[in-house]
Amino acid sequence: MSKLKVYNSLTRQKEVFESITPGHVGMYVCGPTVSGESHLGHARPYITFDIFYRYLTYLGNKVRYVRNITDAGHFEEEGREAEDKISKKAVLEKLEPMELVQKYTNLFHWAMNEFNTISPSIEPTATGHIIEQIVMIEKIIADGYAYVANGSVYFDVDKYNEDFSKKELPYGILSGRVLDEQIESTRELDNQDEKRNKSDFALWKNAPPEHIMRWKSPWGEGFPGWHIECSAMSAKYLGDQFDIHGGGMDLQFPHHECEIAQSAVCNHVMPARYWLHNNMITINGRKMGKSYNNVIKLSELFSGSHPILVQAFSPMTIRFFILQTHYRSTLDFSNEALQAAEKGLRRLWEAYEALQKMQVDQLSFDASKADAELNEKVNTLLAEFDEYMNDDLNTAKVLASMFEIVPVINSIKDQHIEVSALTIETFETLQQKMKTFVEDIMGLKSELQGDQSKLDGVLKVLIDLRKQARAKKDFATSDAIRNQLLQLGIALKDEKNGEMSYTFS
RNA sequence: GGUCCUGUGGCCGAGUGGCUAGGCAGAGCUCUGCAAAAGCUUCCACAGCGGUUCGAAUCCGCUCGGGACCUCCA
């Protein structure tokens, strides 16, 4: 069997994946900023890296998956001003950042659960690691790669680049950005900028009086810059150098580039060996984002309550939709595409369930009836699952192979072909492999539970039948419907006006 | 302006120098009391123009179009 290959943004090519410690994988993924509700765009990385997590585990690795929660920074809820802090409002009327953080963290977890993603091994928060971040900043200052200005601390990118280019860790190593060009456009310095160079970035920021999130530090009260948290937490839980660092492509610069610089100064090593980036979800060809005003929140997606949406789309439909595309391609949202995904998923899932319901010991296999060609086809398709996953996690191709197996399953189910067309070995491999890949690796699950509107529809049909039966004085039928429903815990009642109502026990 | 990615059939999307992607939609047939489902068959493609090659959607060049990053961003 082939080895897992992944596209490393650092080298811009697919590489065979080998962990630092065989059998163990450390993976860090940039988590959400919990100052607002997650949207469709957020679904992409967390589902993508959920698949990585699941697949690496399937390959026999013990994976430590760390995904942070960014809960420090500028925190305001829409319509509420940060000046709350200095106003004379009562405590309970003030904006309490931790309340916001909690609210959106909960919503994030809820959505991730809906998507059937596995929780990370560790989910550290930025606010819970202020000390680690301060220690790291002090080290960078001590080494001469950062400077203090008015209570803020900035990373000296120029100096870093000069020294670390010699160590093959230039600034821009990940994003391919050349520093000189950036300095070119440094001229238009806005007002009294504290930075020496435009490309310098904040490690610590002095908090103005109205800023509601603040911590004491050697440089005064303030809050950490947004790159340092990932450097501090990844090193703490995964070591100075670990295997995989993941995140959205938009984080490649400046976020990940800055992480590398910070970590390189402190730990003298490239923090992660494989940098994996998922591409963006677009809507009408545009990246989904606040600045474009085209955000569809996950809760709106699940409920269908957004003007763009023609209907609600279930979490599994969205998961499937995302998996149908390779993670490094952009994925364009549209109602039509989601509807197609919904139908496709249903087809796959129904065949999958039918397959799993078949029990080998209740089927009679006759080896003499085996269709050699069909067996070979099925076994080849099944073997491709691993090959395609190994090829930089090509879930799109795995699903395509699965869909080629669907007609075989349906044909057996509908008795268009005999089950004996497959050998018992092939059949058992098929069942087992489909289970592993559909549920354990793709992370798909049934969504049948409790769809109230459909149940209501079903009951209406039964009620109408019962009305007809009663009209024909066919009481045997009408009673059978009522009694059998009652056994299921649904009580039908005949109202005075001839209508019927029902209640659930 | 700089860096980079991308352009596949009605829609979404894989993809490799020669071999069926797949899903959804459409057409026909089979099955079926009817319908649905399912099965079988089928239509529709590689932005344009050149070049390399025995052979290119796949490599190179140009043209046109779309997008991302350079600011918070998944």
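As the structure is a computational prediction, the values presented were derived from the model and not from experiment. (Residues numbered from 1 in each chain as written. Chains lettered and ligands numbered in written order. Predicted model: local features only at pLDDT ≥ 70, side-chain atom pairs only at ≥ 80, totals over all residues. Heavy atoms only, no water.)

Colleague: Give me the lowdown on the confidence of the model for chain A, citing residues and values where you can.
Modeller: Across chain A, the average pLDDT comes to 89, with 91% of residues at or above 70. For residues 181–192, every residue scores under 50 in pLDDT, and the model assigns this stretch 9 contacts once sequence neighbours within four places are set aside. (pLDDT = per-residue confidence, 0-100. Contact = heavy atoms within 4.5 Å.)

Colleague: Can you explain the state of the cysteines? Please cite residues and give values.
Modeller: Here the structure, examined in full by the defined rule, presents 0 disulfides. No disulfide involves Cys230; its nearest neighbouring cysteine sulfur is the one of Cys30, lying 3.9 Å away. (Disulfide = S-S within 2.5 Å.)

Colleague: Account for the domain arrangement of chain A, with residues named and values stated.
Modeller: Domain assignment breaks chain A into domain 1 (26–76 + 91–278), domain 2 (286–441) and domain 3 (452–504). Relative to domain 3, the C-alpha centre of domain 1 lies at a distance of 60 Å. (Domains from an automatic or database assignment.)

Colleague: Let's hear about the protein's contact with RNA strand B: which residues, and what values?
Modeller: Taken together, 48 residues surround RNA strand B, and among them Trp226, Leu251, Lys287, Thr325 and Asp414 come closest. Considering RNA strand B, the proportion of its atoms within 4 Å of the protein that are sugar or phosphate atoms stands at 84%. The side chain of Arg177 places a nitrogen or oxygen atom 2.9 Å from a sugar or linking oxygen of RNA strand B. A distance of 3.2 Å separates a phosphate oxygen of RNA strand B from a polar atom in the backbone of His326. Listed by contribution, the elements that provide at least two residues to the surface near RNA strand B are helix H1 (40–58), helix H5 (179–184), strand S9 (242–248), helix H7 (252–267), strand S12 (286–287), strand S13 (331–333), helix H10 (335–357) and helix H12 (395–413). (Near = heavy atom within 4 Å. Polar contact = N/O pair within 3.5 Å; in protein donor to acceptor, adjacent residues only side chain to side chain. Helix = DSSP H or I, 4+ residues; strand = E, 2+ residues; numbered from the N terminus.)

Colleague: Account for the layout of surface pockets, with residues named and values stated.
Modeller: Of the pockets and cavities examined, the largest pocket occupies roughly 1300 Å³. Lining the largest pocket are 42 residues, with Thr33, His39, His42, Gly289 and Lys290 positioned closest to its centre. When contributions to the lining of the largest pocket are tallied by element, the ones reaching two or more residues are H1 and H7. The element that contributes the greatest number of residues to the lining of the largest pocket is H1, accounting for 5 residues. Grouping the amino acids of the lining of the largest pocket by side-chain chemistry returns 15 nonpolar, 18 polar and 9 charged. (1 Å grid on protein atoms, 1.4 Å probe; cavity = no way out; pocket = protein on both sides within 12 Å on 5 of 7 lines; lining within 4 Å. Points joined across faces, edges and corners; volume = space filled by probe spheres on them. Nonpolar A, V, L, I, M, F, W, Y, C, P; charged D, E, K, R; others polar.)

Colleague: Quick one: what's the story with the sheet that holds strand S11 (residues 281–283), residue by residue and with numbers?
Modeller: Spatially, S12-S11-S13 is the arrangement adopted by the 3 strands of the open sheet, whose pairing is mixed. The open sheet is flanked by S12 and S13, the only strands paired with a single partner. Looking at chain direction, S11 and S13 are connected through 3 bridges and run parallel. Each residue of the ladder has a partner; that of Ile283, found in S13, is Phe333. (Pairing = 2+ DSSP bridges.)

Colleague: Residues and numbers for the packing of aromatic side chains, please.
Modeller: Applying the stated rule across the entire model yields 21 aromatic pairs. Pairing Trp110 with Phe302 gives two aromatic rings, centres 5.5 Å apart and planes at 65°, and the pair type is edge-to-face. On the criterion of sequence distance, the pair formed by Trp110 in helix H2 (residues 97–114) and Phe302 in helix H8 (residues 298–303) is long-range, its members being 192 residues apart. A relative accessible area of 35% places Trp110 in the partly exposed class. Ring centres 6.3 Å apart and planes at 75° place the aromatic pair Tyr171 and Phe253 in the edge-to-face group. Separated by 82 residues along the polypeptide, Tyr171 in the loop between helix H4 (157–164) and H5 and Phe253 in helix H7 bring together distant segments of the chain. Tyr171 gets classed as buried once you look at its relative accessible area, which sits at 5%. (Phe/Tyr/Trp six-rings, centres within 6.5 Å; stacked < 30°, edge-to-face > 60°. Buried < 20%, exposed > 50% of the residue type's maximum accessible area, 1.4 Å probe, protein only.)

Colleague: Outline H4, supporting the account with residue identities and numerical values.
Modeller: Those residues of H4 lying buried are Val157, Tyr160, Asn161 and Phe164. With its buried residues spanning 95° around the axis, H4 presents them on a single face. (Arc of directions from axis to C-beta.)

Colleague: Quick rundown of the pattern of salt bridges? Include the residues and the values.
Modeller: Taken as a whole and judged by the stated rule, the model has 15 salt bridges. A salt bridge links Lys14 to Asp391; the nearest nitrogen and oxygen atoms lie 2.8 Å apart. Here Lys14, found in strand S2 (residues 13–16), pairs with Asp391, found in the loop between helix H11 (372–390) and H12; they are 377 residues apart in sequence, far enough to count as distant. Overall, Lys14 belongs to the partly exposed group, its relative accessible area being 40%. A residue is classified by how much of its surface remains accessible, and Asp391, at 32% relative accessible area, is partly exposed. Salt-bridge contacts for Arg54 lead to Asp50; the nearest nitrogen and oxygen are separated by 2.8 Å. Of the two residues, Arg54 and Asp50 are both situated in helix H1; the distance of 4 residues between them amounts to about one turn of the helix. As far as burial versus exposure is concerned, Arg54 and Asp50 are alike and both buried. Because the salt bridges share partners, they merge into one network encompassing Asp50, Arg54 and Arg319. (Salt bridge = Lys/Arg side-chain N within 4 Å of Asp/Glu carboxyl O.)

Colleague: Any chance you could break down empty space enclosed by the protein for me, citing the residues and the numbers?
Modeller: To find leftover empty space, a probe the size of one water molecule is rolled over the atoms. All told, the structure shown has 2 cavities of 30 Å³ or more when counted by the stated rule. Its volume calculated, the largest cavity comes out at about 60 Å³. It is H1 that provides the largest number of residues to the lining of the largest cavity, a total of 3 residues. For the lining of the largest cavity, the residue count by class is 6 nonpolar, 3 polar and no charged. Counting contributing residues, the lining of the largest cavity receives three or more from each of domain 1 (26–76 + 91–278) and domain 2 (286–441). Its volume calculated, the second largest cavity comes out at about 50 Å³. For the second largest cavity, the full set of lining residues is Gly36, Glu37, Ser38, Tyr104, Leu107, Phe108, Trp110, Ala111, Leu298 and Ser299. Sorting the residues of the lining of the second largest cavity by element identifies H2 and H8 as the ones contributing at least two each.

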